[in-house]
Amino acid sequence: MIFGSSWCSACPEELLQISGLYSKWKEQGVEVVFVSLDTDAEVFKNFVERFPFVSISDYKKWESSAVKNYHIFETPTIFFAG
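Some words on the pattern of salt bridges
Enumeration over the complete set of coordinates arrives at two salt bridges. The partner of Glu31 in a salt bridge is Lys26, with the nearest N and O atoms 2.5 Å apart. Relative accessible area serves as the criterion here: at 35%, Glu31 is assigned to the partly exposed category. Of the residues examined, Lys26 reaches a relative accessible area of 42% and is grouped as partly exposed.

Take a look at the structure:
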């Protein structure tokens, strides 16, 4: 799970690197989920259209329940679960 946004300066580069690895990971049963802190649906859609993995946003930025549940305080933040 990756927490980030279109306005995060490091996120595009990180997400593009992960995109390059995604097909290999997917073959091994690893799924990538991008949780966006964006607040505008059109901006979110335009930002994530180039990524092959699951991308979601509730458009609540830092008030998102996912952000609060995972105690996110900066972006990008990446979690690996097995």
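From this point, the discussion proceeds with the structure in view.
Notes on the state of the cysteines
Taken as a whole and judged by the stated rule, the model has one disulfide. Bridging Cys8 to Cys11, the disulfide has an S-S length of 2.4 Å. For the disulfide bridge between Cys8 and Cys11, the dihedral angle about the S-S bond is near 80°, and by the sign convention the bridge is right-handed. The exposure classification of Cys8 matches that of Cys11, with both residues buried.

Examining the nonpolar core
If you look at the biggest cluster of nonpolar residues, it comprises 13 residues, and the most contacted ones within it are Leu15, Phe34 and Phe53. Elements represented by at least two residues in this core include exactly helix H1 (11-27) and helix H2 (41-48). For this core, the leading source of residues is H1, giving four residues. When residues no more than four places from it in sequence are discounted, the contact partners of Leu15 are Ile2, Phe34, Phe47, Phe51 and Phe53. Ranked by size, the runner-up nonpolar core spans five residues in total, among them Val35, Leu37, Val67 and Ile72.

Side note on the packing of aromatic side chains
Taken as a whole and assessed by the stated rule, the structure comprises ten aromatic pairs. Relative to Tyr70, the ring of Phe3 lies with its centre 5.6 Å away and its plane at 50°, an arrangement referred to as tilted. Of this pair, Phe3 sits in strand S1 (residues 2-4) while Tyr70 sits in the loop between helix H3 (65-69) and strand S4 (77-78); the two residues are 67 residues apart in sequence, bridging distant segments of the chain. Among the residues examined, Phe3 registers a relative accessible area of 0% and is labelled buried. Here Phe34 and Phe47 contribute two aromatic rings whose centre-to-centre distance is 6.1 Å and whose plane-to-plane angle is 55°, an arrangement assigned as tilted. Within this pair, whereas Phe34 is found in strand S2 (residues 33-36), its partner Phe47 is found in helix H2, the two being separated by 13 residues in sequence. Exposure class is identical for Phe34 and Phe47. Each is buried. Taken together through their ring pairs, the aromatic side chains of Tyr22, Phe34, Phe47, Phe51 and Phe53 make up a single cluster.

Reading the values: the criteria
Residues numbered from 1 in each chain as written. Predicted model: local features only at pLDDT ≥ 70, side-chain atom pairs only at ≥ 80, totals over all residues. Heavy atoms only, no water. Salt bridge = Lys/Arg side-chain N within 4 Å of Asp/Glu carboxyl O. Buried < 20%, exposed > 50% of the residue type's maximum accessible area, 1.4 Å probe, protein only. Disulfide = S-S within 2.5 Å. Core = buried A, V, L, I, M, F, W, Y, C linked by side-chain atoms within 4.5 Å. Helix = DSSP H or I, 4+ residues; strand = E, 2+ residues; numbered from the N terminus. Contact = heavy atoms within 4.5 Å. Phe/Tyr/Trp six-rings, centres within 6.5 Å; stacked < 30°, edge-to-face > 60°.

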